[in-house]
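# Topology and contacts: notes
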Amino acid sequence: QVEFMESGGGLVEPGGSLRLSCVVSRSIVSIGVMGWYRQVPGSQREWVASISTGHLTDLAESVKGRFIITRDNSKNTVYLQMKNLKPEDTGAYFCNGIERSTTNPLFDSWGQGTQVTVSS
């Protein structure tokens, strides 16, 4: 069993920045690839970013150049630095492990997520 505890969301104006954190209840080195997803009510959860144990990253096209994913293996924590936020970035953000060579979540369990709202 694994638990994810996301935090750092909030209300921000377009062009603003936020840094999300996800603390994981077990070793993220043992999990492997970690990632972030977001969900808007009425829509499916979509993949946003991934990071390997070796810190190789992959980002959805819609966030490239604006979001950075990092991880601290010693703290079992994954981060998502978001800059130049747009209204379409609004949603609940979740972290999870990611199946190797895919963008599919590794675990069926999800945390509470953290809400990001971009609005003027």
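Structure shown above.
The structure contained in this document is the topic of the report that follows. (Residues numbered from 1 in each chain as written. Predicted model: local features only at pLDDT ≥ 70, side-chain atom pairs only at ≥ 80, totals over all residues. Heavy atoms only, no water.)

## Some words on the packing of aromatic side chains
Under the convention used in this document: Classification of ring pairs rests on two measures: the distance between centres of Phe, Tyr or Trp rings, Trp counted by its six-membered ring, which must be within 6.5 Å, and the angle between planes, read as stacked under 30 degrees, edge-to-face over 60 and tilted in between. Only DSSP runs of H or I reaching four residues or more are called helices, and only runs of E reaching two or more are called strands; each is numbered from the N terminus. Under the scheme applied here, a residue whose accessible area is under 20% of the maximum for its type counts as buried, over 50% as exposed, and between as partly exposed, the area being computed with a 1.4 Å probe on protein chains only. Two thresholds decide whether a charge sits over a ring: the Lys NZ or Arg CZ must be within 6 Å of the ring centre and within 35 degrees of the ring normal.
Scanning the model with the defined rule gives three aromatic pairs in all. Aromatic side chains phenylalanine 4 and phenylalanine 107 sit 6.0 Å apart centroid to centroid with 55° between the ring planes, which places their arrangement in the tilted category. Taken together, the residues phenylalanine 4 in strand E1 (residues 4–7) and phenylalanine 107 in the loop between strand E9 (91–97) and strand E10 (114–118) connect sequence positions 103 residues apart. With respect to class, phenylalanine 4 is no different from phenylalanine 107; both count as buried. Judged by centre distance (5.3 Å) and plane angle (85°), the rings of tyrosine 37 and tryptophan 110 are edge-to-face. Here tyrosine 37 is found in strand E4 (residues 34–39), whereas its partner tryptophan 110 is found in the loop between E9 and E10, with 73 residues between them in sequence. The buried category is assigned to tyrosine 37, whose relative accessible area is 3%. The class for tryptophan 110 is partly exposed, based on a relative accessible area of 25%. Cluster of aromatic residues (ring-pair linked, three or more members): Tyr37, Phe94 and Trp110. Of note, arginine 19 hangs over the ring of tyrosine 79, and the distance from its end group to the ring centre comes to 4.0 Å. The residue whose ring lies beneath arginine 45 is phenylalanine 94, and the NZ or CZ to ring-centre distance is 4.3 Å.

## Some points on the pairing of strand E5 (residues 46–51)
For clarity, the threshold we go by: A pair of strands is considered paired only if DSSP assigns at least 2 bridges between the two.
Burial runs high along E5: five of the six residues are buried. Relative to E5, E4 is paired through five bridges, and the arrangement is antiparallel. Looking at E5, one finds that arginine 38 is bridged to glutamate 46. Connecting E4 to the next strand, E5, in antiparallel fashion are six residues, including glycine 42 with a positive phi near 90°. Connecting the antiparallel pair E5 and strand E6 (residues 57–59) is a turn made up of five residues, with histidine 55 showing a positive phi of about 75°.

## Quick word on the environment of glutamate 3
Just so we agree on the cut-off: Residues are treated as being in contact if the distance between any of their heavy atoms lies within 4.5 Å.
One can find glutamate 3 in the segment before E1. In this structure, the C-alpha to C-alpha distance between glutamate 3 and isoleucine 51, residues 48 residues apart in sequence, is 18 Å. With sequence-adjacent residues up to four places away left out, glutamate 3 is seen in contact with Val23, Val24 and Ser25.

Function-wise, these values are silent; they only describe arrangement.
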